Amino acid sequence: MKNKRYVLSFMILGTLTLFFLALNLCAGSVRIPLGEVLNILGGREADGTFTDIIMEIRFPRALAAAVLGGALALSGYLLQTFFQNPIAGPFILGISSGAKLVVALVMVCSLGRAVHVSSMVMIAAAFVGAMISMGFVLLMSRMMDRMSMLIVSGVMIGYICSAVTDFIVTFADDSNIVNLHNWSKGSFSGISWENVILLSAVTFLSFLMVFFMSKPISAYQMGEAYARNMGVNIPLFRSLLVVLSSVLSACVTAFAGPVSFVGIAVPHLVKSLFRTTKPILMIPGCFLGGAVFCLLCDLLARILFAPTELSISTVTAVFGAPIVIFIMIRRKKGKAE
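Residues numbered from 1 in each chain as written. Predicted model: local features only at pLDDT ≥ 70, side-chain atom pairs only at ≥ 80, totals over all residues. Heavy atoms only, no water.

1. Some details on the overall build of the protein chain
The secondary structure content of the protein chain amounts to 14 helices and zero strands. Shown N-terminal to C-terminal, the secondary structure of the protein chain runs as helices and strands in the order α-α-α-α-α-α-α-α-α-α-α-α-α-α. Taken against the 2.2 N^0.38 rule, which gives 20 Å for 337 residues, the C-alpha radius of gyration of the protein chain at 20 Å falls within 12% of a compact globule. Over its C-alpha atoms, taken along the principal directions, the protein chain stretches across nearly 60 × 55 × 35 Å. Going through the 337 residues of the protein chain one by one, you find that 50% of them count as buried. Counted over contacts in the protein chain with a minimum sequence separation of 6, partners at least 24 positions apart contribute 76%. Carbon and sulfur atoms make up 68% of the accessible area of the protein chain, which totals about 16500 Å². (Helix = DSSP H or I, 4+ residues; strand = E, 2+ residues; numbered from the N terminus. Rg over C-alpha atoms; globule rule 2.2 N^0.38 Å. Buried < 20%, exposed > 50% of the residue type's maximum accessible area, 1.4 Å probe, protein only. Contact = heavy atoms within 4.5 Å. Areas by Shrake-Rupley, 256 points an atom, 1.4 Å probe, with all protein chains shown as cover.)

Encoded structure:
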């Protein structure tokens with residue numbers, strides 16, 4: 001019975017991913033019939049304008065939204081495992097904001113000197129920022145016994161990094177800084193095929209490493225003492241969780257800017273769908289769930305007030321914040337009982 005539920009859940013997530021991917025290709029300020037989209041993707045004869053819109057703008061953007069959404073959800077799952085807290089996530093803990101700050105500094109310096117910065121450098125800069133923020137969070141975790149205070153500390157770190165980033169963006173003297181401003185609010189627009197290839201490679205390698213850690217993660221969820229008795233090298237395991245969650249979060253921030261609430265909300269939605277916490281199911285489930293969530297939110301960001309486009313974080317917050325509130329209320333009731 002459980003196996004049937006797992007198969008059905010994966011089928012639902014897979015179907016929704018393909019459905020929203022198709023909608024992202026068809027819908028927008030210019031509506032393109034599904035038949036035309038299929039002709040374009042199949043390499044058959046199609047309208048030249050439609051071909052340019054699909055292949056140069058919408059398709060790479062949709063793929064990036066799917067892959068980065070999965071990366072962000074997986075990063076949130078790893079952080080929730082590490083801190084053993086259901087509302088831990090890269091945005092809440094300030095990790096995304098730290099990555100955003102360092103990337104903004106690199107972008108401003110490069111724009112000011114007319115230097116082209118490669119995508120790999122952007123990922124590296126975001127990773128440095130994510131690790132710095134994570135370092136502060138880990139330091140706070142050793143100083144504070146209450147996990148709620150750790151979350152508050154993470155939020156404060158995020159606000160500080162965001163304030164400094166906004167200051168840099170506001171006073172940066174460059175005509176191209178409007179692109180940096182849009183990026184700092186969170187957006188999947190402007191992503192090229194070169195970006196898609198790189199972010200997919202980084203995310204796929206990280207996903208594989210996380211998936212191969214399924215058994216240690218399962219043991220760790222039973223408690224550190226149990227995991228140690230099962231032969232898990234706790235210091236190495238915790239270090240890998242930090243590094244992998246930071247790489248996934250950094251990859252998202254480098255290309256799309258900060259995206260809120262996906263890392264918190266999606267793991268809980270997937271857990272409710274599968275009704276299990278088994279990492280071997282949760283890891284691919286979270287990735288697919290993140291893809292579905294971000295494809296839906298990016299679609300709404302583009303079409304709700306077209307041709308004006310909302311930031312992706314505006315839409316993800318509308319859906320994600322109520323889920324976080326529900327989690328906190330349910331957790332409070334559980335403790336009261």
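That was the structure; now back to the text.
2. Remarks on the packing of helix H1 (residues 2-26) against helix H12 (residues 262-274)
For the pair H1 and H12, the least separation of the axes is 9 Å and the interaxial angle reads 135°. In terms of orientation, H1 and H12 fall into the oblique class. Seen from H1, the contacting residues are Arg5, Tyr6, Ser9, Phe10 and Leu13; seen from H12, they are Ser272, Leu273 and Phe274. Considered class by class, the residues forming the contact of H1 with H12 number five nonpolar, two polar and one charged. (Axes fitted to C-alpha atoms, helices over the stretch in contact; angles between N-to-C directions. Parallel < 35°, antiparallel > 145°, perpendicular 65-115°, else oblique. Nonpolar A, V, L, I, M, F, W, Y, C, P; charged D, E, K, R; others polar.)

3. With respect to the side chain of Ser260
Mapped onto the secondary structure, Ser260 falls in the loop between helix H11 (234-256) and H12. Since its relative accessible area comes to 2%, Ser260 is described here as buried. Once residues within four sequence positions are removed from consideration, Ser260 is found in contact with Phe91, Ser313, Thr316 and Ala317.

4. Looking at the pattern of salt bridges
Overall, the coordinates contain four salt bridges when judged by the stated rule. Here Glu309 and Arg61 are joined by a salt bridge, their closest N and O atoms 2.7 Å apart. With Glu309 in the loop between helix H13 (279-303) and helix H14 (312-336) and Arg61 in helix H3 (residues 48-83), this residue pair connects regions lying 248 residues apart in the sequence. The closest approach of N and O atoms between Arg238 and Glu224, which form a salt bridge, is 3.3 Å. In this pair, Arg238 sits in helix H11 while Glu224 sits in helix H10 (residues 224-229), placing the two residues 14 residues apart along the sequence. On the basis of relative accessible area, Glu224 is assigned to the partly exposed category, the value being 31%. Linked through salt bridges whose partners overlap, the residues forming this network are Arg61, Asp298 and Glu309. (Salt bridge = Lys/Arg side-chain N within 4 Å of Asp/Glu carboxyl O.)

5. Remarks on the layout of surface pockets
By volume, the second largest pocket is sized at about 460 Å³. Lining the second largest pocket are 23 residues, and of these Phe91, Ser97, Tyr159, Ser162 and Ser260 lie nearest its centre. Residue composition of the lining of the second largest pocket, by class: twelve nonpolar, eight polar and three charged. (1 Å grid on protein atoms, 1.4 Å probe; cavity = no way out; pocket = protein on both sides within 12 Å on 5 of 7 lines; lining within 4 Å. Points joined across faces, edges and corners; volume = space filled by probe spheres on them.)

6. Topic: the nonpolar core
Note that soluble globular proteins tend to have their nonpolar side chains buried in a common cluster. Judged by nonpolar contacts, the single largest core of 95 residues is most densely connected at Leu68 and Phe83. If you tally residues by element for this core, the top one is H3, at 15 residues. Sequence-distant contacts of Leu68, defined by excluding residues within four places in its chain, comprise Phe188, Ile191, Leu199, Cys251, Val252, Phe255 and Ala256. (Core = buried A, V, L, I, M, F, W, Y, C linked by side-chain atoms within 4.5 Å.)

7. Some points on the environment of Leu269
Checked against the element boundaries, Leu269 lands in helix H12. For Leu269, a relative accessible area of 41% corresponds to the partly exposed category.

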